[in-house]
Structure formats: structure tokens, C-alpha cells
Amino acid sequence: MDGAKILEKHREYVFPAVIYYYQEPLVPVRAEGLHVEAADGRRYLDFFGGILTVSVGHCHPRVLEKTIEQMKKLQHLSTLYPNEPMGLLAEKIAGLAPQPKREAGRMSPTEGAGARGAWEGRRPEAEDRTGPPIRWKSFFTSSGTEANEMAVLTAKVVTGTTDMIALRHSYGGRATLAVNMMGQAPWRVIPAQLPGIRHAHAPYCYRCDFGLSYPDCGLRCAKDVETLIQTETHGRIACLVAEPIMGVGGFITPPREYFQELVPIVRRYGGLFIADEVQTGWGRTGGHWNGIEHWGVVPDMLTYAKGLANGAPIGATLARAEVADGFKGLTLATFGGNPVSMAAALATIEVIEEERLLVNVETVGAHLRGRLGELAEKHRAIGDVRGMGLMQAIELVRDRRTKEPDAAVTARFLEATRRAGLLIGKGGLYGNSVRIAPPMTATKNDVDEAAKLMDCALSEATGP
Ligand SMILES: Cc1ncc(COP(=O)(O)O)c(C=O)c1O
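This one's a predicted model, so the numbers in the text were calculated from it and none came from an experiment.

### Observations regarding the pattern of salt bridges
For side chains of opposite charge, pairing can occur when their charged atoms come near one another.
Moving on, step 1. Summed over all chains, the structure comprises 21 salt bridges.
Moving on, step 2. D325 serves as the salt-bridge partner of K137, at 2.8 Å between the closest nitrogen and oxygen. One end of the pair, K137, is in strand β4 (residues 136-141); the other, D325, is in helix α10 (residues 321-325), with 188 residues separating them in the sequence.
Moving on, step 3. Using a relative accessible area of 34% as the deciding quantity, one classes K137 as partly exposed.
Moving on, step 4. A residue is classified by how much of its surface remains accessible, and D325, at 37% relative accessible area, is partly exposed.
Moving on, step 5. Sharing partners across several salt bridges, the network here consists of R207, D384, R386 and E395.

### Considering the nonpolar core
Moving on, step 1. Counting 107 residues, the largest nonpolar core has F259 and F413 as the members making the most contacts within it.
Moving on, step 2. With residues up to four places along the chain from it excluded, the contact list for F413 reads I394, L396, I424, V434, M454, A457, L458 and A461.
Moving on, step 3. Counting residues in each nonpolar core, the second largest holds 16 residues, with A155, A166, I274 and M301 among its members.

### Re the site of the ligand
Moving on, step 1. Around the ligand sit 13 residues in total, of which G144, T145, D276, Q279 and K306 are the nearest.
Moving on, step 2. Separating a nitrogen atom of the ligand from a side-chain N or O atom of D276 is a distance of 2.7 Å.
Moving on, step 3. Within the side chain of K306, an N or O atom sits 2.9 Å from an oxygen atom of the ligand.
Moving on, step 4. Burial of the ligand by the surrounding chains reaches 86%, relative to a free accessible area of 390 Å².
Moving on, step 5. Per-element tally for the shell around the ligand: the top contributor is helix α5 (residues 144-159), with 3 residues.

### Describing the sheet that holds strand β8 (residues 272-276)
Moving on, step 1. Spatial ordering of the open sheet is given by β4-β10-β9-β8-β7-β5-β6, a layout of 7 strands whose pairing is mixed. A strand with exactly one partner marks an edge of an open sheet, and here the two such strands are β4 and β6 (197-200). Strand-to-strand twist across the sheet, computed as the mean angle between neighbouring axes with direction ignored, equals 20°.
Moving on, step 2. Here strand β7 (residues 239-242) runs beside β8; their pairing, made up of 4 bridges, is parallel. Following the sheet pairing, C239 is matched in β8 by L272.
Moving on, step 3. The strands touched by helix α4 (residues 84-96) are β4, β9 (301-304) and β10 (315-320); relative to β4, the strand with the most contacts, the crossing angle is about 130°.

### Some thoughts on the confidence of the model for the protein chain
Moving on, step 1. Looking at the protein chain, pLDDT values average 93 and 94% of them are 70 or higher.
Moving on, step 2. Confidence over residues 102-129 falls short of pLDDT 50; this stretch has 58 contacts with residues more than four positions distant or in other chains.

### Side note on the sheet that holds strand β3 (residues 43-46)
Two strands in a sheet stick together by hydrogen bonds in their backbones, pointing the same way (parallel) or opposite ways (antiparallel).
Moving on, step 1. What the 4 strands build is an open sheet, ordered β1-β2-β3-β13; its pairing is mixed. Where the open sheet ends on each side, the last strands, each with one partner, are β1 (28-32) and β13 (422-423).
Moving on, step 2. Pairing analysis gives 3 bridges linking strand β2 (residues 35-38) to β3, with the strands arranged antiparallel. Of the residues in β3, the one forming a bridge with E37 is R43.

### Regarding the domain arrangement of the protein chain
Bring the parts together and some accessible area is lost; that lost area is often taken as the interface size.
Moving on, step 1. In terms of domain boundaries, the protein chain breaks down into domain 1 (3-56 + 357-462) and domain 2 (72-354).
Moving on, step 2. Between the C-alpha centres of domain 1 and domain 2 there is a distance of 25 Å.
Moving on, step 3. Taken together, the contact between domain 1 and domain 2 spans 39 residues of the former and 43 residues of the latter.
Moving on, step 4. For the domain 1 and domain 2 pair, buried surface summed over both sides reaches about 3500 Å², with 61% attributable to carbon and sulfur atoms.
Moving on, step 5. Together, L358, M388 and M391 form the three largest contributors to the area buried by domain 1 at its contact with domain 2, with a combined 24%.

Conventions and cut-offs
Residues numbered from 1 in each chain as written. Predicted model: local features only at pLDDT ≥ 70, side-chain atom pairs only at ≥ 80, totals over all residues. Heavy atoms only, no water. Salt bridge = Lys/Arg side-chain N within 4 Å of Asp/Glu carboxyl O. Helix = DSSP H or I, 4+ residues; strand = E, 2+ residues; numbered from the N terminus. Buried < 20%, exposed > 50% of the residue type's maximum accessible area, 1.4 Å probe, protein only. Core = buried A, V, L, I, M, F, W, Y, C linked by side-chain atoms within 4.5 Å. Contact = heavy atoms within 4.5 Å. Near = heavy atom within 4 Å. Polar contact = N/O pair within 3.5 Å; in protein donor to acceptor, adjacent residues only side chain to side chain. Areas by Shrake-Rupley, 256 points an atom, 1.4 Å probe, with all protein chains shown as cover. Pairing = 2+ DSSP bridges. Axes fitted to C-alpha atoms, helices over the stretch in contact; angles between N-to-C directions. pLDDT = per-residue confidence, 0-100. Domains from an automatic or database assignment. Buried area = accessible area lost by both parts, 1.4 Å probe.

Next up, the structure:
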């Protein structure tokens, strides 16, 4: 079937609310590594990786092999029956989960730095920890939405209260709870239906709600959460959910001490801290498995999806053992822990370990940051460059002084990159953030090629 026919079927039979990139949507037919081939035969360099899902490259041979092997053996029986890949994945994830460290939060987010040199394809040594190791347990589902739903439900069950906090500019999924947690109007779709959700100021330094600048701000956005709890809740909360770097919000990257200021407040008022690692997890930020490990706090729960299984549908809620054990009542997920997705996730993690991708993300991410910095020197439309590892964004503005968002130039830029043969992402409440997040196997040469294409596309988008 050709691209026009495929598109015609979508237009006829698929909800029109499903958004597509580009005026004339791109119809991919096959992909390999960092390249996608479209129905018209054109090849594209993929610097968005299916919304940060394709973490180790399209159709990675090892992941394919393990997935097909599992499909031939046992495809599905539901969580009512234990299966080997689920047990193995839960064990693996528990072994890679965050642990307390003596030295925490010393890295600058803008440096794209992790525990430089400390990662050698193994966990941090025991002497890095202060207390006994935390034990972790997993609950598997099929998406990030479900992972977040389960985390919040667990927090409500174990704390016995329902007030909770999300961040402005956040994106947590598309079920009722997630839509109500949403920190961006366009994705909320209908008026609030769930009481008890409060939205805290985001650590959005480029557009600080308080008009302050870091570090003189004294982290007002984090401190304000205490006032929020005292004035807008009944004084106890179940949880606060936050992305270590806010993905759909436009890769908003908090100042380095933000979570160390925020998390004690959450706990003081009885809440659990849930790190939504759906975009930042599994090495994306470089140097660590989890984005939150850069910030020197250990969450009570973490949620995963996207990159965990390199594109196979998966969601995981990871909780400290005492939290998981506190979930009383029945629960199941028909497709949760599906052996095929579990096998794909195990293979993906193996690839990340064997190809030393946490180090690659750090090195190539720093190179990408450098290239984006050069573009910012040349193109006045770039107002901000931010992110960590292979999760970097630029924000396009009309005027650097007023920071007025330029959604029109951003749209033209996206079209121009596509014409040039490059796929990148868009985001941000104002439609002016460009998200750059290639598979974690990207090399410096790939980055150089992408930077060259972005340079030309920016000239085209901003030109007369
Ligand atoms: C940070 C974050 N959390 C949760 C979700 C929801 O994941 P899913 O689309 O798999 O339900 C997303 C999706 O983009 C996300 O970016």
C-alpha cells in the first residue's frame, strides 16, 4: 500500500484527535538503527526515536532475536500466572534501582553530567551507600499512563489520603487521573473531574513564574510547595509526581538542588515522592539508569515505559518494598508482565549494558550540547538550550530579550528538518520547544550530521 492510501485509511477510520507531525504526515514503513524509511522511499535520520522509545536503535538485532524467541515459546497468559521473563525483569530492575549515596546532587544539569567515571557497567559500590540497600518491587503494565496510575493509586492506598501534587507543564498520560494531573491545558481536553490534585510551579528557570533567576531565586518554586500543601490541601498528601526532566513540557531541566529542596517537604507532609521516569529512565540522561539519580534523592516510587523495551508496549511501577507490600486489595493487569514485552525489556537492558550506552549517552550528549550551543551563537531565534545526555531541547523565540515564544518559526523549522531528512520532536506549552533525543546508540558523527541539517533548516525557517 502506498503512503497516500495508508493516510487515507487513517483519515477515514482513526480518531481525528490523534495528532501527527508535519502538514503532510510522514508514513514510516521500516527502520533500522538510526534510520527510518518512509512510504515514499526517502530515508530519514531519526533524532526523536519514536518519542524517546527506541532507546537502542530501530530493530536492534539482539532485541529482535530475544523477542521472537519468546513469542515462539509463550506469548501471553496474563498476570494470573507467574512467568520467567517477568521474574527476571523484576529482579533486574530492582538491581539497577537508585540507592542512597554518600555524595549526592553535586552535578550540574547543564553540564549533562552524571557520576562521571563511576559507571563501569556495574552498580555503585556498597561503600557509596549510607544505609542498608533499599529493596524494590515492580508492577508491570503496558504504558506510562498505567504506570503512573498504579503509582498514584498505591500512594493513596498506603498513605490513606488522596490529596496529591503534580507540576505545571507536566505530562503524565491519558487516562482520567493522568489527564487531571496534566500541567498543560491543550492536553487536559475537558474541565477538571478529579478533586484533590494541586499543581505546583515547575522548575522552569527560563520562564520562572516568580520572575526570579537561579541561584538567587533560593529555589522558590520548590519551597512554594510547602505553602501549597498548607493552603490548598487538608495538610497531608499522598504523593507528589514529578519528571526529573519534564519531557512533553519541552525538556524543562530543574536546577541541581531542586529535588533536594522539594522531596523533604513532600515527606514532611506524609507524601511519597514518585519520579516519573517514562522519558528520563533507562540511561537517557547519561551516566545513570534513572534521571533522578542526578539530583541526589531516592524516590519512593519510579514509573517507567517508553525506552524500557525499545518500543514494545510496557509500563512498570517500581516501589520500595515496604510501599509495594502496603498495597492491600486485589489488582491485576491483563497485558502487564506480558512475557514478550518482558523479554524485549531484558534484551534492551542487556544491550545498554554491553554496548556501554550510559557512557555513550554522556559523551555523545555532551557533544550534542556543544553543537546546539554553536547553533545558538549563530541563530538569534534560539532563546534557550537545555537538557541532559541525549535529551536536549532548544526553545525558539521572536526576541531573546522578551522571550516571546515563536510557534510559527518552530513549525517551519520542523517542516524544514523533515525536508532535509531529519526527524526531531516538538513540545512545550507554547509549541516552541524542539526536542532532540536520538536512540542512545547515536555517535558523534550522527550528531554532526543532525547539527548540519538543523543549521540549514533554521536558516530556512527564520529567513526572509
Ligand atoms: C513523562 C511521561 N509520563 C507518562 C507518559 C504516558 O505514557 P504513555 O503514552 O505510554 O501512556 C508520557 C508519554 O509521553 C510521558 O512523557
